[in-house]
Amino acid sequence: RRKANQYAGRLANAYFWRTYDQKEIDYLEERAGSLAGFEFKWQGGEIRAATANEFLKEYPNTQLTTIHQRNFEDFIL
C-alpha cells in the first residue's frame with residue numbers, strides 16, 4: 001500500500017492504533033486531511049464491535065474497512 005501510494009503520487013501518513021487494553025486497528029492512513037482505518041482479517045470476519053466503537057468515539061469521521069482475501073488487491077493498488 002505504501003509503495004502504491006508513493007508510485008501514484010498520493011501523499012499519505014501511515015500509523016497504527018492501540019489502546020492500553022489491547023484494542024487495535026492494524027493500519028491507519030491519513031491523506032488530504034482525512035483518516036481511514038483498515039483491519040486485516042485474511043479469513044474474513046469484521047472488526048470487533050468494541051474496538052470499532054472505541055476508535056470511532058475518538059475519531060468520529062473516520063472510515064473503517066476490513067481487508068480480506070477478496071478485497072486486498074483493491075487495497076494494495
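The present account deals with the structure reproduced in this document.

What about the overall build of the protein chain?
Scanning the protein chain from terminus to terminus reveals three helices and four strands. Start at the N end of the protein chain and walk to the C end: the helices and strands fall as α-β-β-β-α-β-α. Counting only residues that meet the buried cut, the protein chain has 31% of its 77 residues in that class. Within the protein chain, contacts between residues separated by at least 24 positions form 48% of all contacts whose residues are at least 6 apart in sequence. Accessible surface, the protein chain as shown: approximately 5,800 Å² in total, 48% of it carbon and sulfur. Taking the 11 positively charged and 11 negatively charged side chains of the protein chain as two groups, their mean positions are separated by 3 Å.

Topic: the pairing of strand β3 (residues 34-40)
Summarising the sheet, strand β2 (residues 24-31) and β3 pair through five bridges and their orientation is antiparallel. Considered in β3, the bridge of glutamate 30 is made with leucine 35. Connecting β2 to the next strand, β3, in antiparallel fashion are two residues, including alanine 32 with a positive phi near 55 degrees. Note that β3 and strand β4 (residues 63-67) share five bridges and pair parallel.

Definitions and limits used
- Residues numbered from 1 in each chain as written.
- Predicted model: local features only at pLDDT ≥ 70, side-chain atom pairs only at ≥ 80, totals over all residues.
- Heavy atoms only, no water.
- Helix = DSSP H or I, 4+ residues; strand = E, 2+ residues; numbered from the N terminus.
- Buried < 20%, exposed > 50% of the residue type's maximum accessible area, 1.4 Å probe, protein only.
- Contact = heavy atoms within 4.5 Å.
- Areas by Shrake-Rupley, 256 points an atom, 1.4 Å probe, with all protein chains shown as cover.
- Lys, Arg positive; Asp, Glu negative; His and termini not counted.
- Charge placed at Lys NZ, Arg CZ, Asp CG, Glu CD.
- Pairing = 2+ DSSP bridges.

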